[in-house]
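# Remarks on the overall topology
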Amino acid sequence: MNHIGTISNSPESLRMFNTFKKAIKKQCNKQNKGSNIWYSDAVDAVSNKYRLITININSPREYDFVIED
């Protein structure tokens, strides 16, 4: 899982941020209920087989990404 953001309000920074945001929404067509996390059909397909780790393998499962309907 990756994050994007900007610490600048310059027009160029905001333009790049919006470009990335549009590309992510085009590829990742699903949004986790009540969050700002977008994911693709591929993630949905493997979510029952694999642990979706958000931090690292040693982190507690409570920090894992869980898809909610």
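Here the structure is a predicted model, which means the values were calculated and not measured.

Cut-off values and rules
- Residues numbered from 1 in each chain as written.
- Predicted model: local features only at pLDDT ≥ 70, side-chain atom pairs only at ≥ 80, totals over all residues.
- Heavy atoms only, no water.
- Helix = DSSP H or I, 4+ residues; strand = E, 2+ residues; numbered from the N terminus.
- Rg over C-alpha atoms; globule rule 2.2 N^0.38 Å.
- Buried < 20%, exposed > 50% of the residue type's maximum accessible area, 1.4 Å probe, protein only.
- Areas by Shrake-Rupley, 256 points an atom, 1.4 Å probe, with all protein chains shown as cover.
- Salt bridge = Lys/Arg side-chain N within 4 Å of Asp/Glu carboxyl O.

## So, the overall build of the protein
- Within the protein one finds two helices and two strands.
- When the helices and strands of the protein are listed from N to C terminus, the series reads α-β-β-α.
- Taken over C-alpha atoms, the radius of gyration comes to 14 Å for the protein, far larger than the 11 Å a tight globule of 69 residues would show.
- Judged by the C-alpha coordinates and their principal axes, the protein covers about 40 × 25 × 20 Å.
- Across the 69 residues in the protein, those meeting the buried criterion constitute 13%.
- As presented, the protein carries roughly 5,900 Å² of accessible surface, and 53% of it is formed by carbon and sulfur atoms.

## Observations regarding the pattern of salt bridges
- All chains considered together, the criterion is met by two salt bridges.
- Of the charged contacts, one joins R15 and E12 as a salt bridge, the two residues approaching to 2.7 Å between their closest N and O atoms. Residue R15 and its partner E12 are located together in helix α1 (residues 11–27), separated by three residues, close to a single helical turn.
- According to the relative accessible area criterion, R15 is partly exposed, its value standing at 46%.
- What makes E12 partly exposed here is its relative accessible area of 43%.
- Here R51 makes a salt bridge to D64, at a shortest N to O gap of 2.5 Å. Here D64 lies in the segment after α2 (41–46) and R51 lies in the segment after α2, a separation of 13 residues in the sequence.

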